[in-house]
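Listed below, chain by chain, are the residues.
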Amino acid sequence: MNYLKKLIDNGTLSREEAYSCMIQIGRNEISDAQVVAITTTIQMRGLQLPELEGFQEALLELAKPLHLETEQSIDCCGTGGDGKNTFNISTLTSFILASMGHKVVKHGNYGVSSLCGSSTVLEYLGYEFSADPKELQRQLDQNNICFLHAPLFHPALLRVAPLRQSMGIATLFNGLGPLVNPHPSTHQLTGTYSLELAKQYQHVLKSKRTNFTVLHGLSGYDELTFIGGTRVFKANSDQLIQNSPNQFEIKQEEISGGDSVSESARIFTAILRGEGTESQNTVLAGNVALALQTFDPELDFEQAFSKGYEQIRSGKSFYTFKNVCL
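Read on for an overview of the structure. Counting restarts for each chain: residues are numbered from 1 in the order of the written sequence. Local features are withheld for residues below a pLDDT of 70 in this predicted model, meaning they are given only at 70 or higher, and side-chain atom pairs are given and counted only at 80 or more; totals for whole chains, interfaces and linings count all residues. Excluded from the side-chain calculation are hydrogens and water; included are all heavy atoms of the structure.

Some words on the overall build of the chain
The criterion, for reference: By the criteria applied, helices consist of DSSP H or I runs no shorter than four residues and strands consist of E runs no shorter than two, each listed in order from the N terminus. Radius of gyration means the value over C-alpha atoms here, while the globule rule gives 2.2 Å times the residue count to the 0.38 power. Note on contacts: a residue pair is in contact if any heavy atoms of the two residues lie within 4.5 Å. The protein chains shown are the only cover counted for residues, whose accessible areas, like all others here, come from Shrake-Rupley with a 1.4 Å probe.
Scanning the chain for helices and strands turns up 15 helices and seven strands. A compact globule built from 326 residues should have a C-alpha radius of gyration of about 20 Å, and the chain, at 19 Å, falls within 12% of that. Taking the principal axes of its C-alpha atoms as reference, the chain extends roughly 55 × 40 × 40 Å. Across the chain, the fraction of contacts at a sequence separation of at least 24, relative to all contacts at a separation of at least 6, is 71%. Looking at the chain as shown, the accessible area adds up to about 13,400 Å², and 46% of this sits on carbon and sulfur atoms.

Here it is as structure tokens:
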């Protein structure tokens, strides 16, 4: 099947074609040049739902399976690709949740279209990635958190990593990342760089689990930032969040991740110590609140925000971080 010709002729791949295409990519049966052309063509006109479903199915089939023993767990993982260079919100959200007693199995990768992805900052801070189920189980049991570095579990993602790095733009692989955690978590908080993709996520996740929250910032963010409105999709709802409960005004430069990996790491650890700025703490608390609501849908957003904000300001999450990374 000549997938590239069909795409160039303004066609879209069926679910079965997308599945077959990704299987061939993972098995190195499609050339690098064709992979770049396929991903670029799809990115230019937008990933369609059947393609998303087919690519996801193939990646999960190709992945190294992982089943950790835990009654509940959550993954907090955004698509990236929004070009906003915010501090590592989803990774920090994961540490805050773990310090509050929730089990977190976070899927992540190096930054491709951004300076510093979750794997980038964690590796810089001393975390050693592992695909050993026993080691990951130990981390989850002892610290309530472990990290799954995507290329260790996905041969297809490992294969295309140099291509994505050389392209330097968001691709369909950004859109797939949060949907292919090899561990089947019971809960998920995820954000997307486009509104259409958020709606697709709602459809896909609704067929697999009921405990999820998908968000998209209308100003282009794949996280809740309180800069402009944020659409929040759950299994049976679609709401708009505009202002933070503390009514604090956020500016884009105040939630920057810095100009280097070392600066991103400094911001990251400062926030965990309880030394974040009001803007950083407010944004982080908003994302923690959405995660808490996935565990307890009856929890009011303002109450969840207050719980998250208090935990962030206490600096208690730094002890969880120390046990994991230092």
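What to know about the environment of Leu152
Within the secondary structure, Leu152 sits in helix H8 (residues 150–153). Residues Leu152 and Ala170, spaced 18 residues apart in sequence, show a C-alpha to C-alpha distance of 21 Å. What Leu152 contacts, discounting residues up to four positions off in sequence, is Lys64, Phe129, Ser130 and Ala131.

Here we look at helix H2 (residues 15–26)
The cut-off we apply is this: Given the number of residues in a helix, its expected span is that number minus one, multiplied by 1.5 Å. Using a 1.4 Å probe on the protein chains alone, a residue whose accessible area is under 20% of its type maximum counts as buried, one over 50% counts as exposed, and one in between counts as partly exposed.
Counted at 1.5 Å a residue, the expected span for H2 with its 12 residues is 16 Å, and the 17 Å between its end C-alpha atoms agrees. Listing the buried residues of H2 in full gives Glu17, Ala18, Cys21, Met22, Ile23 and Ile25. Close packing links the buried residues of H2 with helix H1 (3–8), helix H3 (32–45), helix H4 (49–62), helix H9 (155–167) and helix H10 (172–176). Looking one or two residues beyond H2, the residue adopting positive phi is Asn28, at roughly 60°.

A closer look at helix H5 (residues 89–99)
Among the 11 residues that make up H5, 10 are buried, leaving the element largely enclosed by the rest of the structure. Here H5 has its buried residues at Ile89, Ser90, Thr91, Leu92, Thr93, Ser94, Phe95, Ile96, Leu97 and Ala98. Immediately beyond the C-terminal end of H5, within one or two residues, lies Gly101, with a positive phi of roughly 100°.

Some remarks on the packing of helix H13 (residues 278–295) against helix H14 (residues 301–314)
For any two helices packed against each other, the geometry comes down to the angle between their axes and how far apart the axes lie. For clarity, the cut-off: Whenever a helix is involved, its axis is fitted only over the stretch in contact; in every case the axis is a line through C-alpha atoms, and angles between N-to-C directions fall within 0 to 180 degrees. Roughly parallel here means an angle under 35 degrees, roughly antiparallel means over 145, roughly perpendicular means 65 to 115, and every remaining angle is called oblique. Each crossing gets its handedness from the near helix: less than a right angle anticlockwise from the far helix is left-handed, clockwise is right-handed. By the convention adopted, Pro, Cys, Tyr, Trp, Phe, Met, Ile, Leu, Val and Ala count as nonpolar, Lys, Arg, Asp and Glu as charged, and the other residues, Gly among them, as polar.
It is at 7 Å that the axes of H13 and H14 come closest, and there the two elements cross at 125°. The pairing of H13 with H14 is recorded here as oblique in orientation. Helix-helix and strand crossings are classified by hand; for H13 and H14 the assignment is right-handed. Counting all contacts with H13, which are made through Glu278, Asn281, Thr282, Leu284, Ala285, Gly286, Val288, Ala289, Leu290, Leu292 and Gln293, the residues of H14 involved are Phe301, Ala304, Phe305, Lys307, Gly308, Tyr309, Ile312 and Arg313. Residues that form the contact of H13 with H14 fall into these classes: 11 nonpolar, five polar and three charged.

Remarks on the layout of surface pockets
Here is the rule: We place a 1 Å grid over just the protein atoms. Points where a 1.4 Å probe fits but has no way out form a cavity, open points with protein on both sides within 12 Å along at least 5 of 7 lines form a pocket, and any residue with an atom within 4 Å of a point lines it. Grid points are joined across faces, edges and corners, and a volume is the space filled by probe spheres set on the points.
Its volume calculated, the largest pocket comes out at about 210 Å³. Forming the boundary of the largest pocket are 14 residues, of which Leu60, Leu179, Asn181, Lys208 and Arg209 lie nearest the centre. The class makeup of the residues in the lining of the largest pocket is seven nonpolar, five polar and two charged. As for the second largest pocket, its lining consists of Ile42, Gln43, Gly46, Leu47, Gln48, Leu172, Tyr193, Ser194, Glu196, Leu197 and Gln200. For the lining of the second largest pocket, the secondary structure elements donating two or more residues are H3 and helix H11 (195–206). Per-element accounting of the lining of the second largest pocket gives the leading share, three residues, to H11. Residue composition of the lining of the second largest pocket, grouped by class: five nonpolar, five polar and one charged.

Side note on the pairing of strand E6 (residues 230–234)
Keep this limit in mind: For two strands to be treated as a pair, DSSP must find no fewer than two bridges joining them.
Within E6, five of the five residues are buried, leaving the element largely enclosed by the surrounding structure. Burial along E6 is two-sided: the face carrying Thr230, Val232 and Lys234 and the face carrying Arg231 and Phe233 are both buried. Bridge count between strand E5 (residues 212–217) and E6: four bridges; the pairing is antiparallel. Note that in E6 the partner of His216 across the bridge is Arg231. Note that E6 and strand E7 (residues 237–241) share five bridges and pair antiparallel. Of the residues in E7, the one forming a bridge with Thr230 is Ile241. Where E6 folds back onto E7 in an antiparallel hairpin, the turn is made up of two residues.

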